[in-house]
Amino acid sequence: MSILDKIITDKKAEVALRRSQFDLEQLKENIRSMRKCRNFYKAVTKPNSRGINVIAEVKKASPSAGIIREDFDPVAIAQTYEKCGADAISVLTDEKYFQGRLEYMEQIKEAVDLPVLQKDFIVDLWQVYESRAAGADAILLIAEALKPGELMDLMIAAAELTLTVLLEVHQADTLLNVRSMIGFPKKGYSVIGINNRNLNTMKVDLNTTSRLAELLEDKNELVAESGVKARNDVERLKDIGVRAVLIGQVLCESANIEEKFKELFG
């Protein structure tokens, strides 16, 4: 069993338990009184004087790196990102493998004005409502972890809730299968993410974006994920035509996040 398979298996068991504790109808009732989501789509696709939009990630740990930041203060990190000029915030909420918490996203949403992406492993429609009720403006859907019918159902529900979907792929055949779904079921509620990290092996190769980007006619909705460590990596992605980059570990492990952000993005 690959790491991704194990995470998905554990996530399904976790969601089954949470569903028994929190009623879907109550989540829907909570959502009815909430404002429309902040526009994550616009934040990551808009023209930017920097040449690329930045989704800065709040990340305490990962299966491959272990603890990334010992003095982990999610709200302070998110506020630093906003001060640095990030366009959106990504928050890891998976507990077992990334030591995240749903509460981190709720706290960050209250503390910043930027759109907030919930970064987790969504495998059930119930989670889409949970994300929205917790304040997410966007959610991650991993194409390699979902069947086509499941993916469509989740994207429809997300659009109805005004959530933007970051639809993530790693393999060329997956991208060919799902690239037509960007803009489904409603234009302006989904973007495509190419993850340079192979979630089966956890190895990172920045060339993944270079190879797969060639399969996209329109790169205006393209987000590169993982693997950015230096300014030349950022420049390389800009040359490819990538519109946004999702970056977390290299920022969170830095002693001075503000200086590292400036070093990477100017």
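Each chain carries its own residue numbering, running from 1 in the direction its sequence is written. Thresholds applied to this predicted model are a pLDDT of at least 70 for local features of residues and 80 or more for the giving and counting of side-chain atom pairs; totals over whole chains, interfaces and linings are not thresholded and use all residues. To get the side-chain values, take all heavy atoms of the structure and skip hydrogens and water.

Undergrad: Sorry, what's going on with the overall build of the protein chain here?
TA: We count a stretch as a helix when DSSP gives it H or I for four or more residues in a row; a strand needs E for two or more, and each element gets its number in order from the N terminus. Scanning the protein chain from N- to C-terminus turns up twelve helices and ten strands. The globule rule is 2.2 Å times the number of residues to the power 0.38, and the radius of gyration it is compared with is taken over C-alpha atoms. Taken over C-alpha atoms, the radius of gyration comes to 17 Å for the protein chain, in line with the 18 Å a tight globule of 266 residues would show. Seen along its three principal axes, the alpha-carbon backbone of the protein chain occupies a region of about 50 × 40 × 40 Å. Across the 266 residues that make up the protein chain, the buried fraction comes to 55%. Burial here depends on accessible area, computed with a 1.4 Å probe over protein chains only, as a share of the maximum for the residue type. Under 20% is buried, over 50% is exposed, and the range in between is partly exposed.

Undergrad: Could you clarify how one ought to interpret the packing of helix α1 (residues 3–21) against helix α6 (residues 125–133) in this entry?
TA: In helix packing, the relevant descriptors are the interaxial angle and the interaxial distance, both defined with respect to the helix axes. Viewed as axis vectors pointing N to C, α1 and α6 meet at an angle of 65°, and their least axial separation amounts to 10 Å. Here α1 lies roughly perpendicular to α6, going by the angle between them. When you trace α1 past α6, the crossing you get is left-handed. The segment α1 lies against α6, with Lys11, Val15, Arg18 and Arg19 engaging Trp126, Gln127 and Glu130. In this classification, Asp, Glu, Lys and Arg are treated as charged, Ala, Val, Leu, Ile, Met, Phe, Trp, Tyr, Cys and Pro as nonpolar, and every other residue, Gly included, as polar. Class assignment for the residues of the contact of α1 with α6 results in two nonpolar, one polar and four charged. What counts as an axis is a line fitted to C-alpha atoms, over the stretch in contact for a helix, and the angles between N-to-C directions run from 0 to 180 degrees. By the definition adopted for this analysis, an angle is roughly parallel if under 35 degrees, roughly antiparallel if over 145, roughly perpendicular if from 65 to 115, and oblique otherwise. Here is the rule for handedness: rotate from the far helix to the near one, and if that takes an anticlockwise turn smaller than a right angle the crossing is left-handed, while a clockwise turn gives right-handed. We call two residues in contact when some of their heavy atoms are within 4.5 Å.

Undergrad: Please clarify how the pattern of salt bridges should be interpreted in this entry.
TA: Opposite charge on two side chains permits pairing when their charged atoms draw close. Salt-bridge detection follows one rule: a side-chain nitrogen of Lys or Arg within 4 Å of a carboxyl oxygen of Asp or Glu. Inspection of the entire model under this criterion finds 23 salt bridges. Between Asp94 and Lys11 there is a salt bridge, with the nearest N and O atoms lying 2.8 Å from each other. Here Lys11 lies in helix α1 and Asp94 lies in the loop between β4 (88–92) and α5 (102–111), a separation of 83 residues in the sequence. Just as Asp94 is buried, Lys11 falls in that class too. The salt bridge involving Arg32 is made with Glu29; its shortest N-O contact spans 2.6 Å. A residue pair is termed a helical-turn pair when its members lie 3 or 4 positions apart in one helix, as Arg32 and Glu29 do in helix α2 (residues 24–32) at three residues. Residue Arg32 is classed as exposed on the basis of its relative accessible area, which comes to 56%. Given a relative accessible area of 43%, Glu29 falls into the partly exposed group.

Undergrad: Whenever I open this one, the pairing of strand β10 (residues 244–247) confuses me. Can you help?
TA: Regular strands place side chains that alternate from one sheet face to the opposite one. The alternating pattern of β10 places Ala244 and Leu246 and Val245 and Ile247 on opposite faces, both of which are buried. Each pair of strands is called paired provided DSSP finds at least two bridges between the two strands. Bridging between strand β9 (residues 222–225) and β10 involves three bridges; their strand directions are parallel. Bridge pairing in β10 links Glu225 to Leu246. Place the viewer so that the strands point away; then a crossover is right-handed whenever the path from the first strand over the helix to the second strand goes clockwise. Taking the sense of rotation as the criterion, the β-α-β connection linking β9, helix α10 (residues 231–240) and β10 turns out right-handed.

Undergrad: Sorry, what's going on with helix α4 (residues 74–84) here?
TA: Along an α-helix, a turn takes 3.6 residues, which lines up residues three or four apart on a common side. Here α4 has its buried residues at Pro74, Ile77, Ala78, Tyr81 and Cys84. Across the axial projection of α4, the buried residues extend over an arc of 120°, all falling on one side. Immediately downstream of α4, the backbone of Gly85 shows phi near 105°, a positive value. Here the arc refers to the directions that run from the helix axis out to each C-beta atom.

Undergrad: Even after reading the chapter, I still don't get the side chain of Ser190, so can you show me in this structure?
TA: Here Ser190 lies in strand β8 (residues 190–195). The class of Ser190 is buried, set by a relative accessible area of 1%. In protein, a polar contact requires one atom able to donate a hydrogen and another able to accept it; more generally it is a pair of N or O atoms within 3.5 Å, and residues adjacent in sequence count only if both atoms are side-chain atoms. A polar contact is formed between the side chain of Ser190 and the backbone nitrogen of Gly183, at a distance of 2.8 Å. Leaving out residues up to four positions away in the same chain, Ser190 has contacts with Tyr41, Met155, Thr164, Val165, Met181, Ile182, Gly183, Phe184 and Glu221.

Undergrad: Honestly, the sheet that holds strand β5 (residues 116–119) in this entry has me stumped. Any pointers?
TA: Sheets are built from strands paired through backbone hydrogen bonds, the pairs being either parallel or antiparallel. Read around the closed barrel, the eight strands follow the order β1-β4-β5-β6-β7-β8-β9-β10; overall the barrel is parallel. Ignoring which end each strand starts from, the neighbouring axes of this sheet average 25° apart. Of the strand pairs in this sheet, strand β1 (residues 53–58) and β4 are connected by four bridges, and their pairing is parallel. Within β4, the position partnered with Glu57 by the bridge is Ser90. Where α4 meets the sheet, its contacts fall on β1 and β4, and the angle it forms with β1 comes to roughly 170°.

Undergrad: What's the story with α1 in this structure? I'm lost.
TA: Here a helix's expected span is defined as the number of its residues, less one, multiplied by 1.5 Å. A rise of 1.5 Å per residue sets the reference length of α1, with its 19 residues, at 27 Å; its end C-alpha atoms lie 27 Å apart and thus fit the reference within 8%. Buried residues of α1: Leu4, Ile7, Ile8, Lys11, Val15 and Arg18, and no others. Buried residues in α1, looked at end-on, bunch into an arc of 95°, giving them a common side. When the buried face of α1 is taken as reference, the exposed residues oriented beyond 90 degrees from it are Lys12, Ala13 and Ser20. Packing partners of the buried residues in α1 comprise α6.

By themselves these figures say nothing about function.
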